[in-house]
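Secondary and tertiary structure notes
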Amino acid sequence: MEQDPSDLRGQQEVDAATEVSTEVRVGAKRGRPADRGMHPDGASRMTGRRIHDPYPDDALIIDGLANEELSKLGPDSTSKRNVVQNIASNQRRFSHWLQKKGRGSIGSRLTGSDEQQRSLQEDFREFIKDEGKKISVSFDRLRQYLGAESQLKQHDPYPDDALIIDSLAKEELSKLGPVSTSRKNASNQRKFSAWLRRTGRESIVSRLTGSDEQRRSLQEDFRAFIKDEGKKVVVSLDRLRQYLGAESQLKQHVPYPDDALMIDSFTNEELSKLGSDSTSKRRKVVLNLASNKRRFSDWLRRTGRESIASRLTGSDEQQRSLKDDLREFIKDEGKRINVSLDRLRQYLGAASQLKQHHPYPDDALMIDGFAKEELSKLGPDSTSQRRVVLKLASNQRRFSDWLQTTGRESIASRLNGSEMQKWSLKIDYQDFTEAVGSCNVSFKRLRQYQQVVEANAASGLSPEQASGREPAGLDGRSDPRAEFQINFAAAAG
């Protein structure tokens, strides 16, 4: 029984492209020498036949699957080998068509988001239309080979998890080839993420390199997932963490809690700006910076120094001490480490250190005290409110700097003074806004704060005595929440 000529053509093309089955080449079956059609340099080419030129990542997957399928067949399974070869040829032909049309490769979309997989199916329908006949490419078999389950059982992970899982899988595929362990890990990771999504829990990526509490919650969820599965499932979270640029959990840093909150919030914001199309290299830059910041904070904590957050937008003296500590940290590390404190400062709402304001000393004391008092009232998750407070403090320092530059009196010297002094302060503020534009400084809140300070001083109480507890900065090691609380309500009224 004669084979269909198109089948023979497909067989010849895949033989030439993959060099996997010279023993079943048509020429050999018809009694011709097996090396007929070989170029002088030994490269296997079928003369007179157009060789498909698929995307490199597609070629790697297609050839890997074809080789695996052929290795399972016996030497006498000629018809089955032909089927494998024909499907591989069709896959390469489709990938070649995609490349000519400027569309994404098969491998880049095969196990991606729902949108990516839909676009691949749409391209395949257009390809069949161009070919004018039905062609089997068996996406589902390729998908299973890559470690994802059949499309009929496809997991639906969080989009951010899918991006990282697929990127890691592709990187490992390019380095190691189609290793079954890597494929299985990717499938398990997607399955775990889909389970998290179904059960209303946070994604893997949102917690993988986060705070200690976030990482603990991820581990607890993983244990619950395994319990639901009823068997041991390997997802290799540590490998994902290393891929993202954070150190292995075995070497994880332990920063101050307030630093961890600030660093993680800033990192999440930076990652969200990159978008789903960002390269893994760009994400690694952001995550490496986060790792460096956590390492510095960990060093500060171990050496008994104050946290980053407690000094980052503080007084000139506090900021100098933070710089001094950073220089010593770099000296201890023995290499230059970028922690980008200025970017963190901007994130918190304070002006860049390059544009730092220089207020009157009495204003700086009042403004910094007010900011700390306001921050102490906020919970650990109040990131946006912290930024509002720090932005207000930055504006106040800016106004005081302007007053000093233009030879006018300080805020503190007139805030609760005579009517004439208050009026002059108001006029100066109007001049200031005309010069720089709208800039809220909230005299009312500063005035209330200063009244509290003066009332406590008149009663002979230090701020610590007035609060009934120990003072603290923003490093989370003691609570300044009730500072000046005895007289605050009266002053506010």
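Counting of residues starts from 1 at the beginning of each chain's written sequence and follows it residue by residue. Only residues with pLDDT of at least 70 get local features here, since the model is predicted, and only at 80 or more are side-chain atom pairs given and counted; chain-wide, interface and lining totals rely on the full set of residues. To get the side-chain values, take all heavy atoms of the structure and skip hydrogens and water.

**Comments concerning the packing of helix α17 (residues 361-376) against helix α20 (residues 443-458)**
For any two helices packed against each other, the geometry comes down to the angle between their axes and how far apart the axes lie. Using the following cut-off: Orientation is described by axes fitted as lines to C-alpha atoms, over the contacting stretch for helices, and by angles from 0 to 180 degrees between their N-to-C directions. Going along the chain from the N terminus, every DSSP run of H or I of four or more residues is numbered as a helix, and every run of E of two or more is numbered as a strand. Throughout this description, any angle smaller than 35 degrees is read as roughly parallel, any larger than 145 degrees as roughly antiparallel, any in the 65 to 115 degree range as roughly perpendicular, and the remainder as oblique. The criterion used for residue contact is that any of the two residues' heavy atoms lie within 4.5 Å.
As a packed pair, α17 and α20 sit with axes 10 Å apart at the nearest point and diverge in direction by 95°. Judged by the inter-axis angle, α17 sits roughly perpendicular to α20. Counted together, M366, G369, F370, E373 and E374 of α17 and R445, L446, Y449 and Q450 of α20 form the full contact between these two elements.

**Observations concerning the side chain of Q189**
One can find Q189 in helix α8 (residues 180-198). Residues within four places of Q189 in sequence aside, it is in contact with I165, I204, V235, S236 and L240.

**Overview of the nonpolar core**
Put simply, the test is: To qualify as a nonpolar core, a set must consist of buried Ala, Val, Leu, Ile, Met, Phe, Trp, Tyr and Cys residues joined through side-chain atoms within 4.5 Å. Any residue under 20% of the maximum accessible area for its type is buried, any over 50% is exposed, and the rest in between are partly exposed; the area is computed with a 1.4 Å probe on protein chains only.
In terms of nonpolar packing, the biggest core is built from 25 residues, with M262, F296, L300, I308, L312, L322 and L341 touching the most fellow members. Looking at this core, the elements that each hand over two or more residues are α12 (257-274), α13 (280-302), α14 (309-312), α15 (316-333), α16 (341-347), α17 and α18 (383-405). Formed by 22 residues, the second largest nonpolar core is a distinct cluster that contains W195, F222, V233 and L244.

**Description of the pattern of salt bridges**
The cut-off we apply is this: The working definition used for a salt bridge is a side-chain nitrogen of Lys or Arg within 4 Å of a carboxyl oxygen of Asp or Glu.
Counted under the stated rule, the structure contains 28 salt bridges. In this structure, E68 and K72 form a salt bridge, with 3.9 Å as the shortest nitrogen-oxygen distance. Among the salt bridges present, the one from D298 reaches R301, with a minimum N-O distance of 2.7 Å. Of this pair, D298 and R301 both sit in helix α13, separated by three residues, roughly a single helical turn. On the basis of relative accessible area, R301 is assigned to the partly exposed category, the value being 33%.

**Notes on the packing of helix α3 (residues 56-71) against helix α4 (residues 78-101)**
Cut-off, in case you're wondering: Amino acids are sorted into nonpolar (Ala, Val, Leu, Ile, Met, Phe, Trp, Tyr, Cys and Pro), charged (Asp, Glu, Lys and Arg) and polar (every other residue, Gly among them).
At a closest axis distance of 10 Å, the pairing of α3 and α4 adopts a crossing angle of 175°. In this view, α3 runs roughly antiparallel relative to α4, as classed from their interaxial angle. Facing α3, whose interface residues are D58, A59, I62, D63, L65, A66, E69 and L70, α4 presents R81, V84, Q85, A88, Q91, R92 and S95. Broken down by class, the residue content of the contact of α3 with α4 amounts to seven nonpolar, three polar and five charged.

**Description of unusual backbone geometry**
One non-glycine residue, S236, adopts positive backbone phi at about 55°. Here S236 lies in the loop between α10 (212-229) and α11 (237-243). The phi dihedral of S340 falls on the positive side, at around 50°, and the residue is not glycine. Position of S340 relative to the elements: it lies in the loop between α15 and α16. A relative accessible area of 23% means that S340 is categorised as partly exposed.

**Looking at the packing of aromatic side chains**
Basically, it comes down to this: Put simply, two rings from Phe, Tyr or Trp (the six-membered ring, in Trp's case) pair if the centres are within 6.5 Å, and we call them stacked under 30 degrees between planes, edge-to-face over 60, tilted for the rest.
Applying the stated criterion across every chain yields a total of 23 aromatic pairs. Relative to F222, the ring of F192 has its centre 5.4 Å away and its plane inclined at 70°; by these criteria the two rings are edge-to-face. With F192 in helix α8 and F222 in helix α10, this pair connects stretches of sequence that are 30 residues apart. Per residue, the accessibility class of F192 equals that of F222, and both read buried.

**So, the side chain of Q396**
Inspection of the secondary structure assignment puts Q396 in helix α18. The class of Q396 is buried, set by a relative accessible area of 0%. Those residues within four positions of Q396 in sequence are excluded, and the remaining contacts are I367, F370, I411, V441, S442 and L446.

**Here we look at the environment of A412**
Note that A412 resides in the loop between α18 and α19 (419-436). According to the relative accessible area criterion, A412 is buried, its value standing at 16%. Excluding residues within four positions of it along the chain, A412 makes contact with D362, D363, M366 and Q450.

**Comments concerning α3**
For the record, the criterion: One less than the number of residues in a helix, times 1.5 Å, gives the span that helix is expected to have.
Over its 16 residues, α3 runs 22 Å from end to end, which matches the ideal 22 Å to within 8%, given 1.5 Å per residue. If you check which residues of α3 are buried, you get D58, A59, I61, I62, D63, G64, L65, A66 and L70.

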